Amino acid sequence: MLTLGIDIGSASSKAVIMGDGKELVATAVVQAGTGTSGPKRVTAEIFERSGVLPEQISATIATGYGRYGVDMADGQISEITCHAKGVHFLFPAARTILDIGGQDAKAISINENGRVLSFFMNEKCAAGTGRFLEVMARILEIPLSEMGDWDRKSEHPAVVSSTCTVFAESEVISQLSNGARREDVIRGVHNSVISRAMALLYRTHMEPAFVFTGGVAQNSGVVDSLRRELRQEVLVSPQAQLTGAIGAALLAQEKADQKGV
Ligand code: ADP
């Protein structure tokens, strides 16, 4: 049986087709989120890539900030539940999740069955989210996908102390104009994202294994900063940005099983 999970975030749209709740059949990511052409494009792309026809899908669950705009969905489930489900599938030992997406950050505690025990969220402020990194990457004139490589070169990390994106932007511009090296400023930017994330994580049970998900987990500089702060191993899947969509496809499978499709 094939099921579809669609995750419409603020920055990107993700889709996953799973087979029998066990196997990833196809994935698609479009770097445009809710309120854009992203949702339509990602659904077209997943069918085109997989060769699967829409009528072959037994159930579809939509998640993410834009989940109520997905017409073909049979149901909508919060991204907290979907991330927990997706992480449990990828890493059954996971107990604490940090998810940083385009405009929010979440720390989630789960149990051995992937059920959510508690969660804490920053959705009020761009600092500490992917949006903050997008702003900084633009000032630094470096693609987001290269931020991790630059971070590794840092020998004297800068300190980005402003807790507001707008002030941090001025702080970074003045550091650069005072001759700070880009790699050191980038390390400072990454550390600043993690210092905000730690405030959320400390409210959880802080039980290992730790898993980092969401688009920002693709930035190895931010991942390294989290490992240094936690002094623990942090598990990151190559599918980090797709975790919510994977969880949605798994929950679609459960829904189809219940209906006896
Ligand atoms: P949402 O679900 O809110 O749409 P995502 O989980 O897709 O957000 O995360 C988007 C963020 O991921 C971007 O703001 C950016 O910081 C980061 N990101 C996306 N692609 C990459 C990449 N290739 N390398 C590093 N970071 C990335």
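Scroll up to find the structure this text is about.
All of the points below concern the structure found in this document. (Residues numbered from 1 in each chain as written. Predicted model: local features only at pLDDT ≥ 70, side-chain atom pairs only at ≥ 80, totals over all residues. Heavy atoms only, no water.)

1. Details of the nonpolar core
So, point 1. Counting residues in each nonpolar core, the largest one holds 37 residues, and the members touching the most others are Leu98, Ile100, Val189, Phe212 and Leu226.
So, point 2. Going through the elements one at a time, β6 (96-100), β7 (105-110), α3 (130-140), α4 (147-152), α5 (165-177), α6 (182-201), β9 (210-213) and α7 (220-230) are the ones with two or more residues in this core.
So, point 3. It is α6 that provides the largest number of residues to this core, a total of 9 residues.
So, point 4. Aside from chain neighbours lying at most four places away, what touches Ile100 is Ala105, Gly128, Thr129, Gly130, Val193, Ala197, Phe212, Thr213, Gly214, Gly215 and Val216. (Core = buried A, V, L, I, M, F, W, Y, C linked by side-chain atoms within 4.5 Å. Buried < 20%, exposed > 50% of the residue type's maximum accessible area, 1.4 Å probe, protein only. Helix = DSSP H or I, 4+ residues; strand = E, 2+ residues; numbered from the N terminus. Contact = heavy atoms within 4.5 Å.)

2. Side note on the state of the cysteines
So, point 1. Counted according to the given criterion, the structure contains 0 disulfides.
So, point 2. The thiol sulfur of Cys164 is not disulfide-bonded, and the nearest other cysteine sulfur, from Cys125, lies at 6.5 Å.
So, point 3. Looking at Cys164, the relative accessible area reads 28%, which means it is partly exposed. (Disulfide = S-S within 2.5 Å.)

3. A few points about helix α2 (residues 79-90)
So, point 1. Here α2 is 12 residues long and its end C-alpha atoms lie 16 Å apart, about the 16 Å a rise of 1.5 Å per residue gives.
So, point 2. Within α2, the full set of buried residues consists of Glu79, Ile80, Cys82, His83, Ala84, Gly86 and Val87. (Expected span 1.5 Å × (residues − 1).)

4. Brief notes about the site of the ligand
So, point 1. For the ligand, the set of nearby residues contains 19 residues, the closest of which are Ala11, Ser12, Lys14, Glu134 and Gln241.
So, point 2. One of the side-chain nitrogen or oxygen atoms of Gln218 is found 3.3 Å away from a nitrogen atom of the ligand.
So, point 3. Surface burial for the ligand is 87%, taken as the share of its 590 Å² of free accessible area covered by protein chains.
So, point 4. Sorting elements by how many residues they give to the shell around the ligand places α3 first, with 4 residues.
So, point 5. For the shell around the ligand, the class distribution of residues is 4 nonpolar, 12 polar and 3 charged.
So, point 6. Among the domains, domain 1 (1-91 + 241-261) and domain 2 (93-236) are the pair contributing at least three residues each to the shell around the ligand. (Near = heavy atom within 4 Å. Polar contact = N/O pair within 3.5 Å; in protein donor to acceptor, adjacent residues only side chain to side chain. Areas by Shrake-Rupley, 256 points an atom, 1.4 Å probe, with all protein chains shown as cover. Nonpolar A, V, L, I, M, F, W, Y, C, P; charged D, E, K, R; others polar. Domains from an automatic or database assignment.)

5. Concerning the pattern of salt bridges
So, point 1. What the rule picks out here adds up to 13 salt bridges.
So, point 2. With a closest N to O distance of 3.1 Å, Glu79 and Arg67 form a salt bridge. Linking Glu79 in helix α2 with Arg67 in the loop between β4 (57-63) and β5 (75-76), this pair joins segments that are 12 residues apart in sequence. The burial state of Glu79 is the same as that of Arg67; both residues are buried. (Salt bridge = Lys/Arg side-chain N within 4 Å of Asp/Glu carboxyl O.)

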